[in-house]
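# Observations on the three-dimensional arrangement
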Amino acid sequence: PNDVCSGSTRNGTCYTGEECSNRGGTSGGSCASGFGVCCVFTLSCGGTTSDNSSYLVQTAATTVTPSPCDYTVCPLNNNICRIRYDFTTFVITGSTVSASSVVADVAAPSTKDGMIGHCITDSFEVTAPGSIGSPVICGTNSGYHMILDVTDGACQKPSFGIGPSTT
């Protein structure tokens, strides 16, 4: 069976070597008593997946990337009603903060770059056609996750917006 397996550096799905290659994965070790490979799926910007345990990978901001960096995540089959996004490592620029004290009678203080608390420089969100998508998030979210509903087998669109001056 195509169960979750532990690869050398990441978890994957157990497939035969040929199935893994045909699906665009890479072998991360063996499984099924050596009859299969622990197939790991890593996507870069613009990538699409419908495989469990797929990784959306974006390295350091020094790598030139398009912004936004969009992915497509589709359910494996029509029985899937939710997709879980685990943030193994997730560190981007945080939300806008105020450098001065907030005046009590100002309902929505703003800064030069935008609203306090908004993700102005970097952001991440998932749009889910036919369903409610995620909130826009930023900052450090390592170790957290979000679960989004799938409607009628529609694919979801995770998207990173990375500011040009991010270090």
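So, here is what we can say about the structure in this document. None of these values were measured; they are calculated from a predicted model.

All right, on to the overall build of the protein then. Summing up its helical and strand segments, the protein has one helix and 12 strands in all. Taken from N to C terminus, the helices and strands of the protein fall in the order β-β-α-β-β-β-β-β-β-β-β-β-β. When contacts within the protein are restricted to residue pairs at least 6 apart in sequence, long-range pairs at least 24 apart make up 56% of them. For the protein, the exposed surface amounts to about 10,100 Å²; the carbon and sulfur share of it is 52%.

Within the largest apolar cluster, 18 residues are counted, with the highest numbers of intra-cluster contacts made by Tyr 85, Phe 87, Phe 90, Phe 124, Met 146 and Phe 160. Those elements that place two or more of their residues in this core are strand E9 (82-86), strand E10 (123-127) and strand E11 (145-149). Sequence-distant contacts of Phe 90, defined by excluding residues within four places in its chain, comprise Phe 124, Ile 137, Gly 139, Thr 140, Asn 141, Ser 142 and Phe 160. Judged by nonpolar contacts, the second largest core, of five residues, contains Tyr 15, Cys 20, Val 37 and Cys 39.

With that out of the way, let us pick up the sheet that holds strand E7 (residues 69-70). In spatial order, the strands read E7-E12-E10; together these three strands make up an open sheet with antiparallel pairing. The open sheet has two edge strands, E7 and E10, and neither has a second partner. Relative to strand E12 (residues 157-161), E10 runs antiparallel, the two being bridged by five bridges. The partner of Thr 127 across the bridge, within E12, is Lys 157.

This part covers the packing of aromatic side chains. Taken as a whole and assessed by the stated rule, the structure comprises seven aromatic pairs. Here the aromatic rings of Tyr 15 and Phe 41 are separated by 6.2 Å at their centres, their planes lie at 85 degrees, and the arrangement is edge-to-face. With Tyr 15 in strand E2 (residues 11-15) and Phe 41 in strand E4 (residues 36-43), this pair connects stretches of sequence that are 26 residues apart.

Moving on to the side chain of Thr 72. One can find Thr 72 in strand E8 (residues 72-73). Apart from residues lying up to four places away in sequence, Thr 72 is in contact with Gly 47, Thr 48, Thr 49, Cys 155, Gln 156, Lys 157 and Pro 158.

Take the pairing of E4 next. Buried residues dominate E4, accounting for seven of its eight residues. The pairing of strand E3 (residues 26-31) with E4 spans four bridges and is antiparallel. Residue Ser 27 lies in a different strand from E4, and its bridge partner there is Cys 39. The turn linking E3 back onto E4 is made up of four residues, and Ala 32 within it adopts a positive phi angle of 55 degrees. In this structure, E4 lies alongside strand E6 (residues 54-56), joined through three bridges in parallel fashion. In the sheet register, Thr 42 faces E6, and the bridge partner there is Tyr 55.

This brings us to the pattern of salt bridges. Evaluation of the coordinates by the stated rule reveals three salt bridges. Between Asp 51 and Arg 23 there is a salt bridge, and its shortest N-O distance comes to 2.7 Å. Residue Asp 51 is found in the loop between strand E5 (48-49) and E6, and its partner Arg 23 is found in the loop between helix H1 (17-22) and E3; the two are separated by 28 residues along the sequence. For Arg 23, a relative accessible area of 37% translates into the label partly exposed. Put simply, Asp 149 and Arg 82 hold a salt bridge, and the shortest N to O gap is 3.0 Å. A residue pair is termed long-range when its members are at least 10 positions apart, and Asp 149 in strand E11 and Arg 82 in strand E9 qualify at 67 residues.

Definitions and cut-offs
Residues numbered from 1 in each chain as written. Predicted model: local features only at pLDDT ≥ 70, side-chain atom pairs only at ≥ 80, totals over all residues. Heavy atoms only, no water. Helix = DSSP H or I, 4+ residues; strand = E, 2+ residues; numbered from the N terminus. Contact = heavy atoms within 4.5 Å. Areas by Shrake-Rupley, 256 points an atom, 1.4 Å probe, with all protein chains shown as cover. Core = buried A, V, L, I, M, F, W, Y, C linked by side-chain atoms within 4.5 Å. Buried < 20%, exposed > 50% of the residue type's maximum accessible area, 1.4 Å probe, protein only. Pairing = 2+ DSSP bridges. Phe/Tyr/Trp six-rings, centres within 6.5 Å; stacked < 30°, edge-to-face > 60°. Salt bridge = Lys/Arg side-chain N within 4 Å of Asp/Glu carboxyl O.

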